Amino acid sequence: MAGSPTAPPETAASTTMTLGRALNAGLRRAMREDDRVVILGEDVGALGGVFRITDGLQRDFGKARVIDSPLAESAIVGCAIGLALRGFRPVCEIQFDGFVYPAFDQIVSQLAKMRARSGGRLSLPVVIRIPVGGGIGAVEHHSESNESYFAHTAGLRVISCSNPSDAYRLLRSAIRSDDPVIFYEPKRRYWDKGLVDLEASPASLDRARVLRTGTDLTIVAHGPTVHTALAAADAAAEDGFSVGVVDLRTIAPLDMETLRRCAEKTGRMVVVHEASTFMGIGAEIAAAVTEGCFSVLRAPVLRVGAYNLPYPPAKVEDKFLPDVDRLLDTIDAALSYRGKART
Amino acid sequence: MTLVHDPPAFASPTDPPPPSLERIWTSKDSGPIQFVTPDGELTDLGAEYGVDRALAQTLYRDMARARRLDHEALALQRQGELGLWLQCWGQEAAQVGSVRALSPSDYVFPSYREHAAALVRGVTPGELLAQWRGVSHAGWDPGPYAFHLYSLVLGTQTLHATGYAMGSLLDGADDVVTVYFGDGAASQGDVNEAFNWSAAGNIPVLFICQNNQWAISTPTDVQFRAPVHQRAAGFGLRTFHVDGNDALATYAVTREAAAIVRRGEGPALVEAETFRMAGHSTSDDPSRYRTETDLATWQARDPLLRLETVLRSLDTRASYFSELEEELERLAVEVRRACRELPDPVLDQLFTHTYVDPHPLVDAERLAYRKFVELMSVED
Ligand SMILES: Cc1ncc(C[n+]2csc(CCOP(=O)(O)OP(=O)(O)O)c2C)c(N)n1
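Residues numbered from 1 in each chain as written. Chains lettered and ligands numbered in written order. Predicted model: local features only at pLDDT ≥ 70, side-chain atom pairs only at ≥ 80, totals over all residues. Heavy atoms only, no water.

**Looking at the environment of Val296 of chain A**
Residue and element names in this part refer to chain A. Relative to the helices and strands, Val296 resides in the loop between α10 (281-293) and β14 (302-306). In this structure the C-alpha to C-alpha distance between Val296 and Lys265, which are 31 residues apart in sequence, comes to 8.6 Å. The contact partners of Val296, leaving out residues within four places of it in the chain, are Ala263, Glu264 and Gly267. (Helix = DSSP H or I, 4+ residues; strand = E, 2+ residues; numbered from the N terminus. Contact = heavy atoms within 4.5 Å.)

**Topic: the site of the ligand**
By nearness alone, 20 residues border the ligand, and Glu73 of chain A together with Tyr112, Arg113, Leu152 and Ala185 of chain B come closest of all. With respect to the ligand, its neighbouring residues span chains A and B. The contact in question runs from a nitrogen atom of the ligand to an N or O atom on the side chain of Gln95 of chain A, over 3.5 Å. Interatomic distance of 2.7 Å between a backbone N/O atom of Leu152 of chain B and a nitrogen atom of the ligand. Protein burial of the ligand: of its 580 Å² of free accessible surface, 95% is covered by the chains. Classifying every residue of the shell around the ligand by side-chain character gives 10 nonpolar, six polar and four charged. (Near = heavy atom within 4 Å. Polar contact = N/O pair within 3.5 Å; in protein donor to acceptor, adjacent residues only side chain to side chain. Areas by Shrake-Rupley, 256 points an atom, 1.4 Å probe, with all protein chains shown as cover. Nonpolar A, V, L, I, M, F, W, Y, C, P; charged D, E, K, R; others polar.)

**A closer look at the environment of Arg288 of chain B**
In this fold, Arg288 of chain B is placed in the loop between β9 (268-273) and α12 (292-299). Classification of Arg288 of chain B by relative accessible area gives partly exposed; the value is 30%. It is 8.2 Å that separates the C-alpha atoms of Arg288 of chain B and Ser217 of chain B, two residues lying 71 residues apart in sequence. With sequence-adjacent residues up to four places away left out, Arg288 of chain B is seen in contact with Ala46, Leu47, Arg52 and Asp55 of chain A. (Buried < 20%, exposed > 50% of the residue type's maximum accessible area, 1.4 Å probe, protein only.)

**Thoughts on the sheet that holds strand β10 (residues 217-221) of chain A**
Residues and elements named next belong to chain A. What the five strands build is an open sheet, ordered β9-β11-β10-β13-β14; its pairing is mixed. Each having just a single partner strand, β9 (209-212) and β14 make up the two edges of the open sheet. Between one strand and the next, the sheet's axes are offset by a mean angle of 25°, whatever the strand orientation. Across three bridges, β9 lies against strand β11 (residues 243-247) in antiparallel orientation. Directly across from Arg212, in β11, lies its bridge partner Val245. (Pairing = 2+ DSSP bridges. Axes fitted to C-alpha atoms, helices over the stretch in contact; angles between N-to-C directions.)

**Let's talk about the sheet that holds strand β4 (residues 89-93) of chain A**
Residue and element names in this part refer to chain A. If you walk across this open sheet you meet the seven strands as β3-β2-β4-β5-β7-β6-β12, and the pairing is mixed. Sheet topology places β3 (66-68) and β12 (250-252) at the edges, where each strand pairs with a single neighbour. Averaged over all pairs of adjacent strands, the angle between their axes in this sheet comes to 20°, without regard to strand direction. Note: strand β5 (residues 127-132) against strand β7 (residues 181-186), six bridges, orientation parallel. Bridged to Arg129 within β7 is Phe183. Here helix α1 (residues 19-33) sits on the sheet and contacts β2 (37-41), β3, β4, β5 and β7; the angle it forms with β2, its principal contact strand, is near 135°. Contacts from helix α3 (residues 73-85) reach β2, β4 and β5, with the element oriented near 170° to β4.

**Concerning the confidence of the model for chain B**
Residue and element names in this part refer to chain B. For chain B, the mean per-residue pLDDT works out to 94, and 94% of the residues sit at or above 70. Segment residues 7-11: pLDDT under 50, and eight contacts once partners within four positions in sequence are set aside and those in other chains are kept. Scoring of the predicted complex yields 0.94 for pTM and 0.93 for ipTM. (pLDDT = per-residue confidence, 0-100.)

**Remarks on the domain arrangement of chain A**
Residues and elements named next belong to chain A. What the domain assignment lists for chain A is domain 1 (14-197) and domain 2 (209-336). Domain 1 and domain 2 are separated by 26 Å when their C-alpha centres are compared. Facing the 27 residues of domain 1 at the interface are 23 residues of domain 2. Note that Arg249 is salt-bridged to Asp166, the shortest N-O span being 2.9 Å. Remark: the boundary between domain 1 and domain 2 carries 15 residue pairs in polar contact (both at pLDDT 80 or more). Those elements that place two or more of their residues in the side of domain 1 that touches domain 2 are α6 (147-151), β6 (157-160) and α7 (164-176). Broken down by element, the side of domain 1 that touches domain 2 gets its largest block of residues, four residues, from β6. (Domains from an automatic or database assignment. Salt bridge = Lys/Arg side-chain N within 4 Å of Asp/Glu carboxyl O.)

**Considerations on α10 of chain A**
All names here are of chain A. The end-to-end C-alpha distance of α10, which contains 13 residues, comes to 18 Å, matching closely the 18 Å that a straight helix rising 1.5 Å per residue would cover. Three or more residues of α10 are buried, namely Ile281, Gly282, Ile285, Ala286, Ala288, Val289 and Cys293. Elements that come into contact with the buried residues of α10 comprise α6, β10, β12, α9 (256-266), β13 (269-276) and β14. (Expected span 1.5 Å × (residues − 1).)

**Some remarks on the pattern of salt bridges**
Summed over the entire model, instances satisfying the criterion amount to 40 salt bridges over all chains. The closest approach of N and O atoms between Arg59 of chain A and Asp60 of chain A, which form a salt bridge, is 3.0 Å. Of the residues examined, Arg59 of chain A reaches a relative accessible area of 65% and is grouped as exposed. With a relative accessible area of 39%, Asp60 of chain A lands in the partly exposed category. A salt bridge links Glu308 of chain B to Arg312 of chain B; the shortest N-O distance between them is 2.8 Å. With Glu308 of chain B and Arg312 of chain B both in helix α13 (residues 303-313) and four residues apart, the pair spans about one turn of that helix.

**Details of the side chain of Glu256 of chain B**
Residue and element names in this part refer to chain B. Checked against the element boundaries, Glu256 lands in helix α11 (residues 247-262). Buried charged residue Glu256 carries no salt bridge. Nearest counter-charge: Arg238, at 6.4 Å. Residues within four places of Glu256 in sequence aside, it is in contact with Pro19, Ser20, Leu21, Glu22, Tyr49 and Phe240. (Lys, Arg positive; Asp, Glu negative; His and termini not counted.)

Here it is as structure tokens:
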């Protein structure tokens, strides 16, 4: 069933928790292991953040390490850069995806470039956590998918987690990384539960994960759409098609080795994400897979994403977000490409 | 209550000019301008100004309407009719006192909690609720109301106002472009850039900062050390500091500030001290970060009660209150009806509204969208 392939093997330390709690556990663990880890953001202290991801951390680690910032995203990221230059490992919380833009210069021109500018002398171990995506019935600017902006910027790593176990492990790795990391959290999955092995080693920051192997087609997804991809694969299985699912986990860099392997195995690939398809990461994956695996592809790599429109009002978002139906429709198109009809 | 002017006291040319309310900030700042104490007594300054009965009745009615709308909207949110609601409860005086002091044609840039100001400008309850019901990103046409769309990205509207006011200068107009923002938003670079540019360029903007003491869970002492009006003075703005729960004082102060701007003497700022009585939004749980004592303190400074006491001490006719009560009942019915009757949005329209000129990608995607919708309806 959907979800089961994502569950890690159960060990003594395995606990069932929500994705939000897993992130909280990851932050707590990182702060305990390294006293240079500090958190900064809006309302991260007494409130524990609007999604409660930093719940209890100020109480346990103090106001000096869990810092309620003035209401200014450029300041949050800019000061994180300063802290990092001084040897700290700042973890910034951006309250919602749509509010990262005031910090755009600090991220794209400063954070991303400083190491290269310094000729490799400086490193900036800054993590920027961003709740991302739609599907929660929110007002404007609270449902954006802006991963392409950052993936397009050299010098940043871009991570996207889809389940509690990965959330815990990837966040710990992101904080340990000496590179700047944009860390996406799928906000509509914050309350999804799963098993988390608290003793599991931190996950690699450059490996995708094959959640389900298939022989007819591979769906590539990340973050909030992994769930949708698994559901679509289930539905396709009922129709007799073997559809695999890859959870990217890392958007920049892409794990091309895994993507190539899947493309070679299935010959057909569909990429799904909540961001617009135009100039989205699906375009990059389609191009890279086509360049690397042209001879084995039996259909063009197809994309399912948002339309090239601003995110719509909440009452119509379900028609805007890629859902199982749109995914199946596209899977159909890939399977039936050049007369190889699905039925 | 001694000094009652009926008709209006403000305009009489024979009166001696009232004392200036402008605040030159010093460390011994005596606090915000107040005309009416929380108990409803006139202060010396308030007595000197006198009370304009008609104005007081208008402001009270404006506030009562806003509070009723707020109350109904909260109920609608609890019933699932609205996705989210941000109450303006407690800030009614800061909003109606300031917006009433402008000329109706002065263009206003609100933040997102200015429901009381919106109602004064004539925005209808349905238009106001549309955004929070999730059927629209902006429920009204700003032009006719001279009241811009709400801005959810904090502080951005201060620069829009500054630019709009630059245009007013270029047009040779004398309007006072007015912009609302909060104590939290004041930390954004945009707001400080707007202060700076408007002052440097002598641009006719009136900034209204509603300092409601909280930005979600963040208290003002985390945002800033020097009060916003002091900071603005440092940028070169003319500044005023007023008790924002005192509608009469807010009106008088804003009137003076607007006059400065209209005379071309540069931008001005009014910092109105008030309080966000409810949580930040219907999703917020304020018990995690603030105490009941806070609430009780500010409950005692309620802007409506205060003005009601003034009105009653002026022997306001009972029919004023009873007619208002009936009006509020009608408003409540209208709010509930208008909310439920708001049409659901149609995605197809977004393809039309995104660009002015034809756009091949959007056209192609609209076609794909329509085909998909058709396919789904066939499969159903
Ligand atoms: C740029 C930006 N960052 C963060 C937010 C999230 N947010 C919405 S309201 C709010 C607090 C605003 O406080 P304040 O400006 O004092 O206005 P109030 O809500 O108290 O009226 C925050 C942090 C936002 N809307 N925009």
